[in-house]
Amino acid sequence: MISGRVHSIESFGTVDGPGVRLVVFLKGCPMRCLYCHNPDTWDPEGGTRMTAGEILAQFASARNFYKNGGITVSGGEPLMQTAFVTELFSMAKAEGIHTCLDTSGITFSPDSPQAMEEIGRLLEVTDLILLDIKHIDCEEHKKLTGHSNENILAFARYLDEKKIPVWIRHVVVPGITFKRDPLYRLGRFIGSLSNVKALDVLPYHDMGKVKYEKLGIPYPLKDTKPLTTQQAVAARQVILQGIRDTRKFSQ
């Protein structure tokens, strides 16, 4: 049985998929998002070694509690441990448990037959994807995360082709993503997909500052104020307008 490197487990997750969920945060992430509030997950080493069986046993101990929910695997970037997540989800599906993957899609490698075979096996046992799109503009995405968004957008299109249900997540940051043009363009992209079931617009917050201080890492956005609820609502409306316009023009 494969073991995974687990950063932490949240036993009462209410925002990481439908219902109340057991949320497993895995170690390792290749991106360095300026607003990341879990820098302690970046390093793929360390963490707690756990098997899929041990995680399912924890779920089973409170199964009635999760009757309308399931298991969500997040990170870090969970696709850095694809084999482990596939085993966990395969065992979960055998028990009738709803499975959800929270990912940025950054490791998607359409030019690698082996990687495509691995992601195909995982998607066969995945009920829902929470896809984090950090920025719709490729160059701005590089500034924000250190990586291009090309494979991320390709992953979104691949999930659409495979008809895998997706919830899109987007963090809105003042001065970075809180701008009409990229928000509208994100909406236009989302509107081109047929498998998107929900849109989560998440306001930037700076609660991760404490972790950076403890780790001795400079906090990149120390002068950026958190996004207000009103600003988040306004950002969501711009994205939704882009979605509506795309679908109207495509008819």
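Every chain is numbered on its own, with residues counted from 1 as its sequence reads. In view of the model being predicted, local features appear only for residues whose pLDDT reaches at least 70, and side-chain atom pairs are presented and counted only at 80 or more, with totals across whole chains, interfaces and linings using the full set of residues. For side-chain calculations, the full set of non-hydrogen atoms in the structure is used, while hydrogens and water are omitted.

Enquirer: How should the pattern of salt bridges be read in this particular structure?
Expert: Throughout this description, the term salt bridge denotes a Lys or Arg side-chain nitrogen within 4 Å of a carboxyl oxygen of Asp or Glu. Tallying each qualifying case throughout the model produces 13 salt bridges. Its salt-bridge partner being Lys209, residue Asp206 comes within 3.6 Å of it at the nearest N-O pair. We call a residue buried when its accessible area falls under 20% of the maximum for its residue type, exposed when it is over 50%, and partly exposed in between, using a 1.4 Å probe and counting protein chains only. With relative accessibility at 23%, the residue Asp206 sits in the partly exposed group. For Lys209, a relative accessible area of 25% gives the class partly exposed.

Enquirer: Explain the nonpolar core to me, please; I cannot follow it from the model alone.
Expert: Looking at soluble globular proteins, one finds that nonpolar side chains tend to be buried together. In these notes, a set of buried Ala, Val, Leu, Ile, Met, Phe, Trp, Tyr and Cys residues joined through side-chain atoms within 4.5 Å is what counts as a nonpolar core. If you look at the biggest cluster of nonpolar residues, it comprises 54 residues, and the most contacted ones within it are Ile71, Val73, Phe89 and Ile119. Excluding its chain neighbours within four sequence positions, the residues that come into contact with Phe89 are Ile71, Val73, Thr99, Cys100, Leu101, Leu122, Val125 and Thr126. The next biggest cluster of nonpolar side chains, apart from the first, holds 16 residues, and it includes Cys29, Leu144, Val173 and Tyr204. In this analysis, two residues are considered to be in contact whenever any of their non-hydrogen atoms come within 4.5 Å of each other.

Enquirer: What is the right way to look at the environment of Pro203 in this model?
Expert: Positionally, Pro203 belongs in strand β8 (residues 196-203). Sequence separation between Pro203 and Ala232 is 29 residues; the distance between their C-alpha atoms is 5.7 Å. In this structure Pro203 touches Val172, Leu227 and Ala232, once residues within four positions along its chain are discounted. Numbered from the N terminus, helices here are DSSP runs of H or I no shorter than four residues, and strands are runs of E no shorter than two.

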